Amino acid sequence: MQAAVRASRRPPAGVSHQGSIWRCHQHARRPTRSARGSQSTSRSAISCSLPPYQPCGYVNPDHAAPEGMWCAPSFQLTETPEREVVREAVSGVPGAFHLRGVLGIDEAARIVSLAERMGFVEAEEPTTSEDRQNDALSWALHDSLCNTLSSRVLFALPSTVRTYNGARGDAEVDEMERIEETRRMLMGAGKDSTAMIRRADGAPEGMHRLVGLNARCRIYRYAADGKQRFPPHFDDVWPGARVFEQDGKCELGYSGWTYAASKEGKWAWQTGDSVSHLTMLLYLNEGFSDGETALLSSEDEPQGEVLISPTCGDALCFGQTFRLGRDAVDDSQYAVLHEGLPVTGSHPKYVLRTDVLYELPESS
Ligand SMILES: O=C(O)CCC(=O)C(=O)O
Ligand SMILES: [Fe+2]
């Protein structure tokens with residue numbers, strides 16, 4: 001099968017595409033590397049006024065709110081929307097890419113500061129070598145914050161993801177790719193589309209359309225003790241979620257729970273439900289040593305280990321497994337086995353994890 005990440009869709013006005021790099025000219029320049037280097041993100045070094053935050057529950061009463069899920073309904077990004085975001089492929093890892101400059105240094109520092117105030121749930125003593133060993137919290141982004149963050153990156157994300165079942169033969173898949181390419185040409189997107197085609201055995205087949213980022217984020221803190229780490233794992237697809245605010249209360253509501261919850265082996269979802277295909281890791285600080293994200297392999301094309309050193313404000317995106325608790329769906333094409341390596345030095349590492357959401361195809 002051909003690697004299916006197409007070059008890129010036609011860029012919006014003010015955006016150009018050079019090789020694997022997307023660039024948005026309209027937006028202000030990002031801080032220089034020396035400005036980034038001078039950033040201090042230790043807990044004590046950050047002092048800025050922050051809006052209030054509160055526990056966030058679930059709209060669906062069947063889902064008990066976990067410990068450490070928060071919402072800060074008036075938190076805003078301060079540089080809105082003047083950011084220059086640049087997309088760059090991760091060499092050797094199909095489907096993975098960097099988004100450079102998603103957050104400003106001060107914005108990232110304010111998120112770290114907010115997270116420290118909301119409070120992390122400390123890592124539990126691991127019982128197996130696969131258990132996550134870092135401090136974590138969940139942060140549900142209210143609509144306007146989620147939309148602002150999404151608007152900075154949407155132009156550089158795959159606009160569609162077409163899924164197909166691995167039971168199909170190569171000839172049929174080639175034909176699907178050909179049809180898809182023709183469709184894009186007819187729509188004026190040409191060959192340089194960021195559309196993606198991926199095999200996901202057992203998953204619903206069809207065209208998934210880009211929606212934006214998932215409001216449900218996690219923030220992880222790795223102590224600089226050389227021990228805390230996120231052992232090798234795949235990220236699974238996740239249903240889309242958004243925050244509902246009423247009478248001063250914030251609750252997270254999922255789309256796609258019908259799709260997620262059917263136990264009969266039948267995929268079921270409603271029109272408008274969304275599901276993720278990609279992880280987005282947003283690095284919130286620098287100033288520590290080690291702590292890279294190690295990209296270990298991708299199905300079909302096992303590359304060596306690719307180490308990504310966190311750069312504050314940059315995002316890293318890569319494929320997830322279309323699994324969601326179903327045995328039938330094992331690893332999916334472009335899913336990347338990865339690991340958060342231990343941190344040393346004098347500062348912890350902070351990283352925000354969210355997902356890139358797609359609307360599911362028309363349900364049959
Ligand atoms: O901290 C990292 O670099 C990796 C985090 C991660 O794998 C995740 O959030 O799923
Ligand atoms: Fe992960």
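Quick caveat: nothing in here was measured; it's all calculated off a predicted structure.

How each quantity is defined
Residues numbered from 1 in each chain as written. Chains lettered and ligands numbered in written order. Predicted model: local features only at pLDDT ≥ 70, side-chain atom pairs only at ≥ 80, totals over all residues. Heavy atoms only, no water. Helix = DSSP H or I, 4+ residues; strand = E, 2+ residues; numbered from the N terminus. Buried < 20%, exposed > 50% of the residue type's maximum accessible area, 1.4 Å probe, protein only. Contact = heavy atoms within 4.5 Å. Areas by Shrake-Rupley, 256 points an atom, 1.4 Å probe, with all protein chains shown as cover. Donors = N, O, S within 2.8 Å, 3.2 Å for Na, K, Ca; no water. Near = heavy atom within 4 Å. Polar contact = N/O pair within 3.5 Å; in protein donor to acceptor, adjacent residues only side chain to side chain. Nonpolar A, V, L, I, M, F, W, Y, C, P; charged D, E, K, R; others polar. Expected span 1.5 Å × (residues − 1). Core = buried A, V, L, I, M, F, W, Y, C linked by side-chain atoms within 4.5 Å.

**Q** What is the right way to look at the overall build of the protein chain in this model?
**A** Regarding its fold elements, the protein chain presents five helices and 23 strands. Counting only residues that meet the buried cut, the protein chain has 54% of its 364 residues in that class. The contacts in the protein chain between residues at least 6 apart in sequence include a share of 79% that link residues at least 24 apart. Here the protein chain has roughly 15,500 Å² of accessible surface; of this, 49% comes from carbon and sulfur atoms.

**Q** Explain the coordination of the iron ion (ligand 2) to me, please; I cannot follow it from the model alone.
**A** Octahedral metal centres with six donors ideally show angles of 90 or 180 degrees, and tetrahedral centres with four donors ideally show 109.5 degrees. Protein ligation of the iron ion (ligand 2) involves H233 (NE2), D235 (OD) and H338 (NE2), the donor distances falling in the range 2.0 to 2.2 Å. Counting the intervening residues between successive donors of the iron ion (ligand 2) yields the motif H-x1-D-x102-H. Placement of the pair is H233 in strand β13 (residues 230–233) and H338 in strand β21 (residues 336–340), with a sequence separation of 105 residues. Each member of the pair, H233 as well as H338, carries the same accessibility label: buried.

**Q** How do you make sense of the site of ligand 1 when you look at a structure like this?
**A** Around ligand 1, a shell composed of Y220, Y222, F230, H233, D235, L281, T293, H338, G340, K349, V351 and R353 is seen. Here an oxygen atom of ligand 1 and a side-chain polar atom of D235 are 3.1 Å apart. Between ligand 1 and T293 there is a distance of 2.5 Å, counted from an oxygen atom to a side-chain nitrogen or oxygen. Here ligand 1, which alone exposes 290 Å², has 100% of that area covered by the protein. Secondary structure elements with two or more residues in the shell around ligand 1: β12 (216–222), β13, β21 and β23 (349–359). Sort the elements by how many residues they give to the shell around ligand 1 and β23 lands first, with three residues. Of the residues in the shell around ligand 1, the class split is five nonpolar, four polar and three charged.

**Q** I keep staring at helix α2 (residues 105–118) and nothing clicks. Help me out?
**A** Helical geometry: 3.6 residues make up each α-helical turn, so side chains three or four residues apart lie on a common side. Helix length check: α2 (14 residues) gives 20 Å between terminal C-alpha atoms against 20 Å at 1.5 Å per residue, within 8%. Within α2, 12 of the 14 residues are buried, which leaves it mostly tucked inside the rest of the structure. Along α2, the positions that sit buried rather than exposed are I105, E107, A108, A109, R110, I111, V112, S113, L114, A115, E116 and M118. Within two residues after α2, G119 carries a phi angle of roughly 100 degrees, on the positive side.

**Q** How should I be thinking about the nonpolar core in this particular structure?
**A** Taken as a class, soluble globular proteins show a tendency for nonpolar side chains to be buried jointly. Ranked by internal contacts, the top residues of the largest apolar core, which has 56 residues, are F75, L99, W139, I219, L252 and L284. A total of seven residues in this core trace back to one element, the largest contributor, which is α2. If you look at the next biggest cluster of nonpolar residues, it comprises 18 residues, including V93, L281, F288 and V351.

**Q** Explain the environment of A89 here, please?
**A** Inspection of the secondary structure puts A89 in strand β6 (residues 86–89). Residue A89 is classed as partly exposed on the basis of its relative accessible area, which comes to 41%.

**Q** Would you explain the side chain of R353 in this entry?
**A** Tracing the chain through its elements places R353 in strand β23. Separated by 2.8 Å, the side chains of R353 and D355 make a polar contact. Beyond its immediate chain neighbours, meaning those up to four positions away, R353 contacts R216, C217, R218, Y220, D235, D236, T279, M280, L281 and Q320.

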